[in-house]
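Per-entry structural report
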Amino acid sequence: MSLFGIGRNQRTFRPKKSTPSGSKGAQLRKHIDATLGSGNLREAVKLPPGEDLNEWLAVNTVDFFNQVNLLYGTLTEFCTPENCRTMSAGPKYEYRWADGVQIKKPIEVSAPKYVEYLMDWIEAQLDDESIFPQKLGSPFPPNFKEVVKTIFKRLFRVYAHIYHSHFQKIVSLKEEAHLNTCFKHFILFTCEFGLIDKKELAPLQELIETIIPY
Amino acid sequence: MDGYDATVRLGAINLKHGRAADFDSASPDVSVSSPVTRQKAAAAKQFIENHYKNYLQGLQDRKDRRRALQRKVQESQISAEEQEEMMRNLERRETEYMRLQRRKIGMDDFEQLTVIGKGAFGEVRLCRAKGTGEIFAMKKLKKSEMLSRGQVEHVRSERNLLAEVDSRCIVKLHYSFQDSDFLYLIMEYLPGGDIMTLLMREDILSEDVARFYIAESILAIHSIHQHNYVHRDIKPDNLILDKNGHLKLSDFGLCKPLDDKYSSILLENEDLTGQESTSETEAYSVSPWLMPKERLQQWKRNRRALAYSTVGTLDYMAPEVLLKKGYGIECDWWSLGAIMYEMLIGYPPFCSDDPRMACRKIVNWKTCLKFPDEPKISAEAKDLICRLLCDVDSRLGTRGVEEIKAHPWFKGIQWDMLYESEAAYKPTVTGDLDTQNFEKFPEVDGPPSVTASVGPWRKMLTSKDNNFIGYTFKKSDILKSLESSDADIRVNGSLKTPSLITLLGQIDLQDTVIPESEQKPEA
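Heads up: these notes are all about the structure in this document. Computed from a predicted structure; not experimentally measured. (Residues numbered from 1 in each chain as written. Chains lettered and ligands numbered in written order. Predicted model: local features only at pLDDT ≥ 70, side-chain atom pairs only at ≥ 80, totals over all residues. Heavy atoms only, no water.)

**Some thoughts on the packing of aromatic side chains**
What the rule picks out here adds up to 32 aromatic pairs over all chains. Taking the centre distance of 6.4 Å and the plane angle of 75 degrees together, the rings of Tyr52 of chain B and Tyr55 of chain B count as edge-to-face. Of the two residues, Tyr52 of chain B and Tyr55 of chain B both sit in helix H2 (residues 35–75), 3 residues apart, roughly one turn of that helix. Sitting over the ring of Trp121 of chain A, Arg154 of chain A keeps its end group 4.3 Å from the ring centre. Positioned above the aromatic ring of Phe182 of chain B is the side chain of Lys140 of chain B, whose terminal nitrogen or guanidinium carbon lies 4.4 Å from the ring centre. (Phe/Tyr/Trp six-rings, centres within 6.5 Å; stacked < 30°, edge-to-face > 60°. Helix = DSSP H or I, 4+ residues; strand = E, 2+ residues; numbered from the N terminus. Lys NZ or Arg CZ within 6 Å of the ring centre and 35° of its normal.)

Right under this line is the structure:
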């Protein structure tokens, strides 16, 4: 295992040293109540009676991937290497990319590049029959939930970037109800199954507290 | 539903009124983004709305199935052990269904069979699902043709309507997907052929047969109106028969009548509405039955070719559609009137060799709508036709479908039982693969080109083809799979001896995951 130890010492996620933000949260709250009125999402995230947990995690992971993919896809005109030099989530947080295989040491890349790496990686997991089996009867791997947790952690970063960097464009395109609904569903599902560490959720803490009061 | 917005954009199937209005919104904020971005946003929003509607409905359906089974086992006199067995059975099938939902679908899943329709935009072909052996109709559309001929909205609208409307009156869409060159719609196969085929074979229908099919058409048209869609292009080739002779609404025409090629005709509004010269008036007032018989036969033969050409036919189109004035659901009832006329008389009321002439006749329907002495039709039938082929304001259906149903010609129709009753006409169908009710097409193209690329899936879903965002669709039939999947699934129990590569792969995979979880942000 020491062969791969070098990667462990690096971090893809670190808080940036800068002044804390105050206005971003207030600005977000202005449009936060807009949703699609999509019924009771709190009930919808629960594991259906008799259902296999991994199967439920899998089908929802695919759905969340598709939603983030589509929502981010509407912002490619604005999320450019010039406008978003780093994958940031507000002034305090910045993400650097590493997948531990091809890129072992985290590298600083622009936001669109980061998202491309991220989505390509997730799609590779979803397409991997040994992780997300598609044939009836094929079993999930023992570490399946760990893979799902990594996927969710990374999908969250796209939401964090969108909310902090492009929310005004989302409003201009009249997508805020759609974004908010997808994010709310994402957070409710995450908390139901403990898929993202609380610390990772810090960039959107204020937003999340309106969804899940502590 | 009066007062449809006159600015709703034309398309064979229009989007819901509210949604169309959203698309046409002139908000100053939206102007800061490019048309491509706005298009992506509109498609993304619709995808998400559809997703949540289907997602929540799916969960509700699942609860209903479970509750229904629980009620059933409690009422029956079986042992607790057997009850538990039945519940476990349902749970296993629900799990299988859930897995099928996230399985990607593509061309490799289907064996291509007989071509049953072919045109400039693509083809319709029988196909068999490799996994289940089920037979479908595969409608394959060339993306390049869709784009160059302004058909994108049409294709999206059709796919959206078929995905949204679940009705026995509408051809079912089971899957839709795409590759780099084509869009695919995998639909229910209806081996009975279409009403056009029936009319070409029978020449005219008896009033009883016509009444049956006009009645079923009314239910089909009403079912899309209830979802706020206007078909706008209803014609005999869009009315398909299943193996029992019941009718379903579809759009196998592969064409859009109102494209640029016809704008020169339609732009001459004055000419269409005016009666400038006596000779022209006389020319287009000639009734179809006065045409030489062989010319009429030629018209019918050309009619089938038109169905698969880029120009299609305008013969059934309402005047308000041709004149590009605002139109609403009433335009579909006009089309129904023209079809009814053809069923009883033998040809459409405004048919002509010259599409321009057909347009003029339709726009001048007051002068041109006439009935021949033969064949004889009842006074009620004639009255109904005249109440459908008339001004929008006085047209039956404008104030609701019930006023059409109440017409005396439909006396005796049991509207609630139409699709359960025996059909007025029973098509000849021999086996699941029978295509005798469709035109024969030579296999000139041979097997499809292998150059079309499929991946990556995500880019098919979004960025690469902006115009076809969210095209993928899957509507697995849980009830069917519940009935058919009684065979136990064999889990692959043979464990291979791990090879060095496998071990390294596993290590890499673990390393991919573990380091991330250990990298915690500083406090």
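**Let's talk about the pairing of strand S1 (residues 110–119) of chain B**
Every other side chain in a regular strand lies on the same face of the sheet, so the side chains alternate between the two faces. All names here are of chain B. The pairing of S1 with strand S2 (residues 122–129) spans 7 bridges and is classified as antiparallel. Residue Phe110 lies in a different strand from S2, and its bridge partner there is Ala129. Here S1 folds back onto S2 in antiparallel fashion, the turn holding 2 residues. (Pairing = 2+ DSSP bridges.)

**Focus on helix H13 (residues 330–345) of chain B**
Residues spaced three or four apart along an α-helix face the same direction, because each turn holds 3.6 residues. Residue and element names in this part refer to chain B. Counted at 1.5 Å a residue, the expected span for H13 with its 16 residues is 22 Å, and the 23 Å between its end C-alpha atoms agrees. Buried residues dominate H13, accounting for 16 of its 16 residues. Once H13 ends, the next one or two residues include Gly346, with phi positive near 115 degrees. (Expected span 1.5 Å × (residues − 1). Buried < 20%, exposed > 50% of the residue type's maximum accessible area, 1.4 Å probe, protein only.)

**Regarding the pattern of salt bridges**
Considering all chains together, one arrives at 25 salt bridges over all chains under this definition. A salt bridge links Glu116 of chain A to Lys113 of chain A; the nearest nitrogen and oxygen atoms lie 3.8 Å apart. Of this pair, Glu116 of chain A and Lys113 of chain A are both found in helix H5 (residues 111–127), 3 residues apart, which corresponds to roughly one turn of the helix. Its relative accessible area of 35% is what places Glu116 of chain A among the partly exposed residues. Close ionic contact of Arg387 of chain B with Asp383 of chain B constitutes a salt bridge, the shortest N to O distance being 2.8 Å. Of this pair, Arg387 of chain B and Asp383 of chain B both sit in helix H16 (residues 379–388), 4 residues apart, which is roughly one turn of the helix. Residues participating in the shared-partner salt-bridge network are Glu55 of chain A together with Arg99 and Arg102 of chain B. (Salt bridge = Lys/Arg side-chain N within 4 Å of Asp/Glu carboxyl O.)

**Looking at the side chain of Thr197 of chain B**
Along the polypeptide, Thr197 of chain B turns up in helix H6 (residues 195–202). Not counting residues up to four positions away in its chain, the partners in contact with Thr197 of chain B are Arg304 and Asn437 of chain B. (Contact = heavy atoms within 4.5 Å.)

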